[in-house]
Amino acid sequence: MKLTLSKKILSLFFLSLAFTILFSFFFIHFLYSKLYLESIEESIVYQGKRTAAHYHFGELSDDIIEKIQWYNVVSEYEIVVVDQLDDLSSYFPYQVNYESLVDRSDRKILEKGSYVVKKGYVEEFDREILGAIFPIRGKDSLIGFIYIYVPLAAIQDVFKESIPLLIAAGSGFFLILFLLINRVWSSLFSPLRKLERLAANISHGDYSGRVATERSDEIGQLARAFNTMSSSLEAQEERKREFTSNLAHEMRTPLTYISGYTHALKQISESQNSNPDSENYLSTIEKETARLSKLINDLTDLNHLQEGLFTVDTEPIVVAQVLVDTVDLFRIHLSSRSIHLKLEVEEDLIILGDPDRIQQVFYNTIDNAVKYVSDGGTVQIRLFEHGANVRYEVQNEGLTISKEDLSRMGERFFRTDKARTRTTGGTGLGLSIVKEIVRLHHGTFNMDSDPATGTTVTIDLPMFTEEEEAT
């Protein structure tokens, strides 16, 4: 799965957040282990050594034991003093980590005069304890043992006074981090989203969009580069339109003369029974002149549509009637090629538009479908309600269009028939005009082609609403 840049940054933020929380947990655990536990252990060892050393070379008399017991009362630690190591289990009858308090290895260490630290979980206390056993040495041998221990506070008990402060500091930190991320997010992605929208407009032929920015960072440089590109494309498109407009204007007069003189020569040839070849040549010239005239008219219409020179006279249209009237223009041609027509129309669908321009949309799309369907094939036309739109679909079983060509459908003079044969004819401007008319009616144009279903043109036009009628 490919992640967008925004999702990557969001993922990075949450990973950083998780890492921060995990680090905080380990840091608090480190403080608990290193500061609290080590300080307790150092204190126990210090007190144990001091107590054991105080009775060095003495005897463990009742008076000494009484003093130790008194120290047990005033001290924060629990102190057990015994004559024999085996007696320790009577005063401390618990297991540490489910094992005996003193094992064989501990005995060897104690007999050598060293102390033993014991730490672990005691089930009866339901918590960990930390303690140490210290030998009391007499003149010739060990005369007793001191066991000092203390139940350990849980980590939440150790930091209970600090937890509110930690929560407040953490909440403040994450609030500041959220505001900072939100500011960076808006600063970074707002211009990028605008660039994305304007780039989509450029792909549909609208080069007027610009990104206003005063930033000097990489985003600002990107915005300025985009503005430069848009200006260049807009100027190039303007020069192209100016050139085609001038070309169309200059060609109209000679074509009119050619058409007129050709028609006159045909009449003279027919009246004088001239060579049949001459009549064929003149007929060919007349047809090609008509084709060039249509090309110039289409090109002029397209320029006017794109430059906004055409005014769209909108009115409520019963679009089903316009479609049926347009389909009737093709009945004879469909019959001559044995093309089967499937027409599905929902009546009473109303749009707000220019009837002549909408009929031009229907005519051009049906004409394309008929041109490229095989003899005896099927052309399917549907008109139905789709959400808040009226959807018009025309589908044929003809030539499948490649994905590369689909992306270029609607460009000026582009045709899938690369050979540009006379069998299909056309100027390559029909769909360009359709797309511009649909755009002026605030609709959408889409084209799809699949070997299984054929080629489908889909057009959505906003449905006429009661609110529009009231205005």
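- Under an unreviewed UniProt entry, the name given to the protein chain is histidine kinase, and the source organism is Sporosarcina gallistercoris.
- What UniProt states about the protein chain under its Catalytic activity (unreviewed entry) heading is, verbatim, "ATP + protein L-histidine = ADP + protein N-phospho-L-histidine."

1. Some thoughts on the overall build of the protein chain
Here's step 1: Helix and strand counts for the protein chain come out as 14 helices and 11 strands.
Here's step 2: Here the protein chain, with 471 residues, has 34% of them falling under the buried criterion.
Here's step 3: Nonlocal contacts in the protein chain, meaning residues at least 24 apart in sequence, comprise 65% of its contacts between residues at least 6 apart.

2. Details of a nonpolar patch on the surface
Here's step 1: Together, Phe-19, Phe-23, Phe-27 and Phe-30 make up a nonpolar patch on the protein surface, roughly 460 Å² of accessible area in all.
Here's step 2: With respect to the helices and strands, Phe-23 occurs in helix α1 (residues 5-54).

3. With respect to the pairing of strand β9 (residues 389-396)
Here's step 1: Most of β9 sits inside the fold, with six of its eight residues counted as buried.
Here's step 2: Bridging between strand β8 (residues 378-386) and β9 involves eight bridges; their strand directions are antiparallel. The residue bridging Ile-381 from the neighbouring strand is Val-394, located in β9.
Here's step 3: Here β8 folds back onto β9 in antiparallel fashion, the turn holding two residues, of which Gly-387 has a positive phi close to 65°.
Here's step 4: Looking at chain direction, β9 and strand β11 (residues 454-462) are connected through eight bridges and run antiparallel. Following the sheet pairing, Arg-391 is matched in β11 by Asp-460.

4. Here we look at the sheet that holds β11
Here's step 1: Spatially, β6-β8-β9-β11-β10 is the arrangement adopted by the five strands of the open sheet, whose pairing is mixed. Because the sheet does not close on itself, it has two edges, and the strands there are β6 (340-345) and β10 (444-450). Ignoring strand direction, the axes of neighbouring strands in this sheet form an average angle of 10°.
Here's step 2: Across six bridges, the pairing between β6 and β8 is parallel. When the sheet's bridge partners are listed, His-340 is paired in β8 with Thr-378.
Here's step 3: The sheet contacts of helix α11 (residues 355-371) involve β8, β9 and β11, and relative to β9 the element is tilted by about 25°.

5. As for helix α9 (residues 319-328)
Here's step 1: For α9, the set of buried residues is Val-319, Ala-320, Val-322, Leu-323, Thr-326 and Val-327. An end-on view of α9 places all buried positions within 160° of arc, on one side of the element.

6. A short note on the packing of α11 against helix α13 (residues 430-440)
Here's step 1: Interhelical geometry of α11 versus α13 gives an angle of 145° and a closest axis separation of 9 Å. The interaxial crossing formed by α11 with α13 has left-handed handedness. Here α11 contributes Arg-357, Gln-360, Val-361, Asn-364, Thr-365 and Asn-368 to the contact with α13, which in turn contributes Gly-430, Leu-431, Ile-433, Val-434, Ile-437 and Val-438.
Here's step 2: Its residues assigned to classes, the contact of α11 with α13 comprises six nonpolar, five polar and one charged.

7. Focus: the sheet that holds strand β4 (residues 142-151)
Here's step 1: Strand order across the open sheet formed by four strands is β1-β4-β3-β2, with antiparallel pairing between neighbours. Looking at which strands have only one partner, the edges of the open sheet turn out to be β1 (78-82) and β2 (116-122). With direction set aside, neighbouring strand axes in the sheet form an average angle of 20°.
Here's step 2: Across nine bridges, strand β3 (residues 127-137) lies against β4 in antiparallel orientation. What sits directly across from Arg-137, in β4, is Leu-142.
Here's step 3: With respect to the sheet, helix α4 (residues 104-111) is in contact with β2, β3 and β4, its orientation differing from that of β2 by roughly 150°.

8. Remarks on the pattern of salt bridges
Here's step 1: The tally for this structure, following the rule as stated, stands at nine salt bridges.
Here's step 2: Here Asp-86 ties to Arg-107 by a salt bridge, and the two come within 2.4 Å at their closest N and O atoms. A residue pair is termed long-range when its members are at least 10 positions apart, and Asp-86 in the loop between β1 and α3 (88-91) and Arg-107 in helix α4 qualify at 21 residues.
Here's step 3: Accessibility expressed as a relative area gives 32% for Arg-107, which makes it partly exposed.
Here's step 4: Residue Asp-375 is joined to Arg-337 by a salt bridge in which the shortest nitrogen-to-oxygen separation is 2.7 Å. Taken together, the residues Asp-375 in the loop between α11 and β8 and Arg-337 in the loop between α10 (331-336) and β6 connect sequence positions 38 residues apart.
Here's step 5: Sharing partners across several salt bridges, the network here consists of Glu-344, Arg-382 and Glu-393.

9. Looking at unusual backbone geometry
Excluding glycine, residues mostly have negative phi values, and the peptide bonds linking residues are mostly trans.
Here's step 1: One non-glycine residue, Tyr-98, lies in the positive phi region at around 60°.
Here's step 2: Its place among the elements puts Tyr-98 in the loop between α3 and α4.
Here's step 3: The exposure class assigned to Tyr-98 is exposed, which follows from its relative accessible area of 52%.

10. Examining the packing of α9 against α11
Here's step 1: Running from N to C, α9 and α11 cross one another at 45°; their axes reach a closest spacing of 9 Å. Comparing their axes, α11 and α9 come out oblique. In the crossing of α9 with α11, the sense of the turn from one axis to the other is right-handed. Each of Val-319, Val-322, Leu-323, Asp-325, Thr-326 and Val-327 in α9 lies in contact with α11, whose residues at this interface are Pro-355, Ile-358, Gln-359, Phe-362, Tyr-363 and Ile-366.
Here's step 2: Residue classes in the contact of α9 with α11 are distributed as nine nonpolar, two polar and one charged.

11. Some details on the side chain of His-441
Here's step 1: Among the structural elements, His-441 can be located in the loop between α13 and β10.
Here's step 2: Only 3.0 Å separates the side chain of His-441 from the backbone nitrogen of Asp-354, close enough to count as a polar contact.

Rules and cut-offs
- Numbers given to residues run from 1 along each chain, matching the order in which its sequence is written.
- Where totals are concerned, whole chains, interfaces and linings use all residues; where local detail is concerned, this predicted model gives features only for residues with pLDDT of at least 70, and gives and counts side-chain atom pairs only at 80 or more.
- Based on all heavy atoms of the structure, the side-chain values leave hydrogens and waters out of the count.
- UniProt positions are given in the numbering used here, feature names are shortened, and annotations may be inferred rather than shown by experiment.
- Counting from the N terminus, the helices are DSSP H or I runs at least four residues long and the strands are E runs at least two residues long.
- Burial classification: accessible surface area is computed with a 1.4 Å probe over protein chains only, and a residue below 20% of its type maximum counts as buried, one above 50% as exposed, and the rest as partly exposed.
- In this analysis, two residues are considered to be in contact whenever any of their non-hydrogen atoms come within 4.5 Å of each other.
- Any residue with relative accessible area above 30% and no salt bridge may belong to a patch, with like charges joined within 9 Å and the nonpolar Val, Leu, Ile, Met, Phe, Trp and Tyr side chains within 5 Å.
- All accessible areas in this document rest on Shrake-Rupley with a 1.4 Å probe, and a residue is counted as covered only by the protein chains that are shown.
- By salt bridge we mean one thing: a side-chain nitrogen of Lys or Arg within 4 Å of a carboxyl oxygen of Asp or Glu.
- At least two DSSP bridges between two strands are required for those strands to pair.
- For every element, the axis is a line fit to its C-alpha atoms; helices are fit only across the contacting stretch, and the angle between N-to-C directions ranges from 0 to 180 degrees.
- What the arc describes is the spread of directions from the helix axis to the C-beta atoms.
- Crossing chirality is assigned from the near helix's rotation relative to the far helix, an anticlockwise turn below a right angle marking it left-handed and a clockwise turn marking it right-handed.
- Any residue outside Ala, Val, Leu, Ile, Met, Phe, Trp, Tyr, Cys, Pro, Asp, Glu, Lys and Arg is labelled polar, Gly included; the first ten of those are nonpolar and the last four are charged.
- In this scheme, roughly parallel covers angles under 35 degrees and roughly antiparallel covers those over 145, while 65 to 115 is roughly perpendicular and the rest are oblique.
- Within 3.5 Å is the distance limit for a polar contact, defined as a pair of N or O atoms, with the added protein rule that one can donate a hydrogen and the other accept it, and that residues adjacent in sequence qualify only through two side-chain atoms.

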